[in-house]
Amino acid sequence: MKYISTNTTASAVSLKDAVLTSMPSDGGLYMPEQLIPLDPDSLRKLPEMSFQEVSLLLTKAYLEDDVQVTDLEHIVSESMNFDVQLHKLDDQTSILETFHGPTMAFKDFGARFMAQLMSHLIRGENHELTILVATSGDTGSAVASGFLGIPGIRVIILYPSGKVSHRQEMQLTTQGQNITALEVDGSFDDCQQMVKIAFVDQEVSKRLMLSSANSINIARLLPQSFYFTWAAGQVMKHSRDIVFSVPCGNFGNITAGLIAKRMGVPIQHFVAATNLNAVFPEYLKTGLLNTRPSHPTISNAMDVGNPSNLDRIRYLYEDDLNRMRSDISSWSYTDDQTRIMIQETYSKFGYISDPHTAVGLLGYHEYQAQKKKNMQGIVISTAHPAKFPETVEPLIDCMIDIPPQLTRFLQREKQAMPMSSDYTEFKQYLLDASG
Ligand SMILES: *Cc1c(COP(=O)(O)O)cnc(C)c1O
């Protein structure tokens, strides 16, 4: 299968090029040239399939042309080795918990799958692959954990000093092995800028085989369609009117859901729920794409003013707003509404939701109120509430149990290399690292 750019001017590339380069030279994003729907027989069997079986089914559908089935089985068994869980709130509402992985957010699925696939794709290369990641916290943790111990790949993480939480910093800096953390005296934007310059620096790319693990990589996107598909299979016996509500930031997660629908998975509708960063709801309403700097909120992983995967959604719908509107509804919510939703969900159901999940719940309730009909709603829970105790605990007036994944780093020793935000210092570090 070839991969093409959403801008379609760059020529089609192989899976290996799409995954290792991450981004086409024309500034678009890679998409598979074709999305061939699953056969009706596989779709009928969805309700009986485990999450791992569903993952393998889709992995084969996407990658069978390029990677042997035994290798695909290995990639899936090594990356999808924790569960997703469906938690029923009432007859029409379930929460899909995608946070049971090592860093307790859905980004673990994409990061782990990409790590295993990259490791496969560089087999036979005699150069080590160096992955550069700029992070404001969560992406870096998921990537560090996903790539830990993968042979032939080293990961260099740049994070802004003093601007990530203590727990996040410990997750970034205590992994060891093939993971190195650089503590940059600057902002997240500085970190991102340093990585961007390194990618276009010929002297660096002559010495190092560089790749990125950012959220636009197609290898991070595709595996996110697995849990949409599995969850749809779990509820399709109750109703064919399946609605997913997705808390959105860069819109990668929901794009994976839209891909699952294109693969024939019976999903009726999507709700794209955002916080005050409302670029997409406005776009869907007016057709005007007004990107702007992000606005800080309590659902901070969704503070995105220029959602990168919009290009993929527009590509999937050939820029046809009306078709988009028939598949997707989108609303934005304030922090106060989010806080009230956390409280209400707790008092009504005894269920603790994190701020991102609460935005998803708000979106689903709004859709339900508008449609007034029976449906099976699945709200994607993107992170464990214990990651946001300062926000959630005062609202529910109790302490959240902290899962061992989040604390096991705290006893270790931080190992980070201090770095200025000056590119020349970073460049020297990279050149020295190339040996
Ligand atoms: C990244 C993230 C999101 C947003 O996901 P996108 O794919 O960028 O839309 C939502 N919630 C949490 C907890 C996240 O980490």
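Residues numbered from 1 in each chain as written. Predicted model: local features only at pLDDT ≥ 70, side-chain atom pairs only at ≥ 80, totals over all residues. Heavy atoms only, no water.

Comments concerning the sheet that holds strand β7 (residues 179-185)
Thinking step 1. Read from one edge to the other, the open sheet built from five strands follows the order β8-β5-β6-β7-β13, with strand pairing classed as parallel. The two strands at the open ends of the sheet, each matched to only one other strand, are β8 (209-212) and β13 (416-420). On average, adjacent strands in this sheet sit at an angle of 30° to one another, irrespective of strand direction.
Thinking step 2. The sheet contacts of helix α6 (residues 138-147) involve β5 (129-134), β6 (153-160) and β7, and relative to β6 the element is tilted by about 160°. (Pairing = 2+ DSSP bridges. Helix = DSSP H or I, 4+ residues; strand = E, 2+ residues; numbered from the N terminus. Axes fitted to C-alpha atoms, helices over the stretch in contact; angles between N-to-C directions. Contact = heavy atoms within 4.5 Å.)

Remarks on unusual backbone geometry
Thinking step 1. The backbone of Ser22 shows a phi angle near 70°, a positive value even though the residue is not glycine.
Thinking step 2. On the secondary structure map, Ser22 appears in the loop between α1 (15-21) and β2 (30-32).
Thinking step 3. One non-glycine residue with positive phi stands out, namely Gln177, at about 45°.

Considerations on the nonpolar core
Taken as a class, soluble globular proteins show a tendency for nonpolar side chains to be buried jointly.
Thinking step 1. Ranked by size, the top nonpolar core spans 94 residues in total, and within it Tyr3, Leu117, Phe147, Phe244 and Ile328 carry the most contacts.
Thinking step 2. Here the element with the most residues in this core is helix α5 (residues 107-121); it accounts for eight residues.
Thinking step 3. Once residues within four sequence positions are removed from consideration, Phe147 is found in contact with Ala111, Met114, Ala115, Met118, Ile131, Ile153, Val155, Asn178, Ile179 and Ala213.
Thinking step 4. Grouped together as the second largest cluster of nonpolar side chains are 30 residues, Val243, Val359, Leu361 and Tyr364 included. (Core = buried A, V, L, I, M, F, W, Y, C linked by side-chain atoms within 4.5 Å. Buried < 20%, exposed > 50% of the residue type's maximum accessible area, 1.4 Å probe, protein only.)

Description of the site of the ligand
Thinking step 1. Within the structure, the ligand sits among 14 residues, and Lys107, Gly249, Asn250, Phe251 and Thr382 are positioned closest to it.
Thinking step 2. Within the backbone of Asn250, a nitrogen or oxygen atom sits 2.7 Å from an oxygen atom of the ligand.
Thinking step 3. In this structure, an oxygen atom belonging to the ligand sits 2.8 Å away from a main-chain N or O atom of Phe251.
Thinking step 4. Protein chains bury 95% of the 390 Å² of accessible surface belonging to the ligand in isolation.
Thinking step 5. A breakdown of the residues in the shell around the ligand according to their chemical character gives seven nonpolar, six polar and one charged. (Near = heavy atom within 4 Å. Polar contact = N/O pair within 3.5 Å; in protein donor to acceptor, adjacent residues only side chain to side chain. Areas by Shrake-Rupley, 256 points an atom, 1.4 Å probe, with all protein chains shown as cover. Nonpolar A, V, L, I, M, F, W, Y, C, P; charged D, E, K, R; others polar.)

Keep in mind these values describe shape, not function.
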